[in-house]
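Remarks on the overall topology
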Amino acid sequence: MIILINVGLCLESSGAIAGNHTVETAQTAQTNSADTTRTAEEAYQAGKTLYQQGTAESLQQAIVFFEKALSLYQKLGDRTSEAFALAHLGKIYSDLGNPRKALDYLHPALLLRQQIGDKTGETITLNNIGNVYSNVGELQKALEHFQKALLIKQKIGDQPGEAITLNNIGNVYLELGNLQKSLDYFQQSLTLRRQIGDKLGEARTLNNLGTVYIDLGEQPQALNYLEQALLSYQKIGDKKLEESHILNNIGAVYLNLEKQQKALDYFQQSLTIRRQSQDKLGEARSLNNIGAVYSDLGDKKQALDYFQQALPLFQSLENKLGLAATLNNIGKVHLALGEQQQALQHFQKSLPIYQQVGNRAGEGQTIYHLASVHRHQGDLNAALDQIKIVIKIVEELRTQIHSQELRTSYFATVQDYYQFYIDLLMQLHKQKPSQGYDAQALQASEQARARSLLELLNESKADIHQGIDPQLVAQERNLQQQIDSLEKRRIQLSNNSTDAQIKALETENEALLEQYRQVQTKIRAKSPQYAALTQPQPLSLKQIQSSVLDEDTVLLEYSLGEKRSHLWVVSNQKITSYELPKRADIEAAVQNFRQAITTPYLKNSPSINTLSQLILAPAAQQIKNKRLVIVSDGALQYVPFAALNTSNLQESGKYEPLLLHHEIITLPSASTLAILRSEHKNRQPALKTLVVLADPIFSSDDERLRRNVEVSRPQSSKSNLDTVALNRAAIDSNISFERLRFTRQEAEGILSLVPTNQSKQAVDFTASRSTAFSQELRQYRIVHFATHGILNSKHPQLSGIVLSLFDEQGRPQNGFLRLHDVFNLNLQAELVVLSACQTGLGKAVRGEGLVGLTRGFMYAGSPRVVVSLWSVDDQATSELMKIFYENMLKKGLTPAAALRAAQTEIWRTQTYAAPYYWAAFTLQGEWK
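None of these values were measured; they are calculated from a predicted model.

Procedures and definitions
Residues numbered from 1 in each chain as written. Predicted model: local features only at pLDDT ≥ 70, side-chain atom pairs only at ≥ 80, totals over all residues. Heavy atoms only, no water. Helix = DSSP H or I, 4+ residues; strand = E, 2+ residues; numbered from the N terminus. Contact = heavy atoms within 4.5 Å. Phe/Tyr/Trp six-rings, centres within 6.5 Å; stacked < 30°, edge-to-face > 60°. Lys NZ or Arg CZ within 6 Å of the ring centre and 35° of its normal. 1 Å grid on protein atoms, 1.4 Å probe; cavity = no way out; pocket = protein on both sides within 12 Å on 5 of 7 lines; lining within 4 Å. Points joined across faces, edges and corners; volume = space filled by probe spheres on them. Nonpolar A, V, L, I, M, F, W, Y, C, P; charged D, E, K, R; others polar. pLDDT = per-residue confidence, 0-100. Pairing = 2+ DSSP bridges. Buried < 20%, exposed > 50% of the residue type's maximum accessible area, 1.4 Å probe, protein only. Axes fitted to C-alpha atoms, helices over the stretch in contact; angles between N-to-C directions. Parallel < 35°, antiparallel > 145°, perpendicular 65-115°, else oblique. Left-handed = near helix turned anticlockwise from the far one by under 90°.

Further remarks concern the environment of Ala 786. Among the structural elements, Ala 786 can be located in strand E8 (residues 780–786). Sequence-distant contacts of Ala 786, defined by excluding residues within four places in its chain, comprise Leu 693, Ala 694, Asp 695, Pro 696, Thr 743, Glu 746 and Ser 835.

Next up, the structure:
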């Protein structure tokens, strides 16, 4: 467990304590002895000077002078000055790591300031008391004091103080594990600090935002904030101690990214500064984190040495969270060394501390470790009871996060808990096969996947913008436009652009995406419609059998694990489970398989047989002559199951693709289909049959433009993409923005199957974004896109479809239909077909699957989507699509059956027999 540093708490308020003192003492000195006043003032100023030196020795000396000043002020009856001396003494004891002594001085200081009506001093002292309580883990008391300070700051219009307090409240919520509230308060603080030009405060809050994103699993975003903060500190200068906090947190990012040596370098830099500054709490945190690196590297002895150095420091400072984290880390080392009893003792010491503090995330992690110990000791029932508690905590924390994207990121960080739960249930199933543990494991598997998609589909028919402040909705729309504009500028940068230009645009892009995410989060938080939604629950075995499957359909659900993987084969009557090889073995087989099937001349390969043997052969007898619904996991999401081999694998060279015997559908989860069916159950079908958007104009050199008009050239950064832009996009997306000539043939072939009054052809200039957004699209049951796709795996929301980039007059126009645009479509379609390249891919997120265009079109209203898993040959796709549509529109086959028949026919041809030509296309969603 890494210990992060949230800066900008007591240090921010300490300057204010000293700053006002001389003015206030001058006002009260009139009635007191001049000599006593002068002596008190001299003692006070000497204390201030020593305090500012910041060493442990100077702080001890400062105490002597402040105690002298305090005594004199009390004799003089100078209550204002007495409050300043008390506050400084409290602050010094806090800095020296003596929280109880600090509170002995801070509480009287607070009382005095309340009595004399010093509102500014009162809020400063409330902040410092809150900070002491935060450091010792009494988080509710800390929150109470910070919130009192905030109310006063807002009432008296003290914006700098308000920003400090918002920051401090954000820190408390972070330590409580409430990441959404923490993020909200830090964002409020950052906005205020930027408004008032507080550069130092801005750097502190940027650091704190970085720590939230680390906990959310968003390491690149965290690094972005931390690097901004570090640069700010370096510009300000003379902030080495605060730089050490950033260095520590950057180290945490690299440790999470499994770049241990880089993490170690940052932690060591941080430790050096902290020791020089005699920052004992920071030193303890750095020692703990260095121990975590050595633990990850397998050097358990060295790890234990660092943890044991950190432990007494946290104990002496009464820092509960640091103490709990270090006890946990020591327990993990003992567990790894097989010393289970010692591990158990440390986890049992850690757990009540987390519970006392109220840190639910730490509590969940510790109970997970306890479950691991009990499992190693063979007490599977105790382990099961404990992991169920962990899952309950995770579910509670997950739903506190309003942003679906951040909820997904957080969920990815806790997938190990679900994998443990699944594997433990399957272990119990092996011991007691009749007790239904396999059914519980299947439900846990459903609980562990595609949850954000379930919730998105659940909200798709609720107008969450209803009842929302129009200004907030306008802000969302404006940000969408800015994101589009910025993406064009980014792509328009030539290959000769400097790193600084690219970095600047990337920083701007990150900031806009973050603002957009914040606005969406606010809309969800304030939406009455969203609040009224019931959280959709993953299905149980019985529900899957009754509401998803039928007599002809079998579910194959996979879960890949570190030590072993699992396959559940579920019919509407029974469940059978199989143990498969570990994740690493399956991933290696998938990599070889993908290499083979994406090679145009390979009609068969040993790697196809190898993967088929690993993941399909165990269930061969269970799936005969059945429709297959595949819920895959991890690397298996990149596998077109239709291309697996079903023949006798001992029969050399024979290849019978799975599609010969089975209709195949893929789903993110079985529960997803239940939601899709519920949403579309009573929907009236669209009146017309088919609309095709194909053969758009991508380039200013396109002959269709040269024939008709002189092409207008872009005049500003807001113009649409030109040739340079297209080339850049091609590089970024690993595709070529050449004209797809066969998509026109594809469109004409498909449309010839439908009466003209039932269809619409949108080609050339009309294959445009405006056509995609027109209400006319709602009239069609099938929407077909035959064009290029862009896959942005770093930012899935920037993935999309490229439509015509020029209008009939040759003027550039926005031709990008991005994922956020797709979500805003309102379709009545029964089927969306994306015959563009790689449209079935997306960002792979643990626990969520491939986040990309498919879920966008499902949200927009289509219960089934046909997509491709790699860039497919243009001509082969044209032929396959024509057969696919003939099977649907002329022979009356369902989309799933029609796709299977088309792929089979293409496979039987000599020209396109290799899986490369036909296997990429998969149907996701409803098969009926």
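Back to the text.
Here we come to the packing of aromatic side chains. The final tally for this structure, using the stated rule, is 16 aromatic pairs. Their ring planes at 15° and their centres at 5.6 Å tell us that Tyr 294 and Tyr 306 sit as a pair that is stacked. With a gap of twelve residues between them, Tyr 294 in helix H15 (residues 280–296) and Tyr 306 in helix H16 (residues 300–317) connect regions that are remote in the sequence. One aromatic cluster is present, formed by Tyr 44, Phe 66 and Tyr 73 through successive ring pairs. Looking at Lys 101, its charged tip hangs above the ring of Tyr 93, at a distance of 5.8 Å from the centre. Of note, Arg 375 hangs over the ring of Phe 420, and the distance from its end group to the ring centre comes to 5.1 Å.

Before going further, it helps to spend a moment on empty space enclosed by the protein. Applying the stated criterion to the full structure yields four cavities of 30 Å³ or more. Size it by volume and the largest cavity reaches roughly 110 Å³. Lining the largest cavity are 14 residues, with Ala 642, Ile 664, Gln 903, Phe 921 and Thr 922 positioned closest to its centre. For the lining of the largest cavity, the elements supplying multiple residues, two or more each, are strand E5 (664–666), helix H39 (895–908) and strand E16 (921–925). A total of four residues in the lining of the largest cavity trace back to one element, the largest contributor, which is H39. Residue classes in the lining of the largest cavity are distributed as nine nonpolar, four polar and one charged.

In this section: the confidence of the model for the protein. On average, residues of the protein score 84 in pLDDT, and 86% of them reach the 70 mark or higher. Contacts from residues 7–32, a stretch scored under 50 in pLDDT, to residues over four places away or in other chains number 65 contacts. Note that residues 710–735 has pLDDT below 50 and, in this model, 71 contacts with residues that lie over four places away or in other chains.

Moving on: the sheet that holds strand E9 (residues 789–790). Ordered in space as E9-E10-E11, the three strands form an open sheet in which the pairing is antiparallel. What marks the edges here is a single partner per strand, and that holds for E9 and strand E11 (816–818). The pairing of strand E10 (residues 800–802) with E11 spans three bridges and is antiparallel. Bridged to Gly 800 within E11 is Arg 818.

Let's shift gears to the pairing of strand E3 (residues 575–580). Burial runs high along E3: five of the six residues are buried. Linkage of strand E2 (residues 565–570) to E3, two consecutive antiparallel strands, is achieved through a turn of four residues.

Our focus in this paragraph is the packing of helix H14 (residues 260–276) against H15. At their nearest, the axes of H14 and H15 sit 9 Å apart, and the two run at 160° to each other. By the criterion of interaxial angle, the relationship of H14 to H15 is roughly antiparallel. In terms of crossing hand, the pair formed by H14 and H15 is left-handed. In this structure, H14 contributes Gln 260, Ala 263, Leu 264, Phe 267, Gln 268, Ser 270, Leu 271, Arg 274 and Arg 275 to the contact, and H15 contributes Gly 282, Glu 283, Arg 285, Ser 286, Leu 287, Asn 289, Ile 290, Val 293, Tyr 294 and Asp 296.

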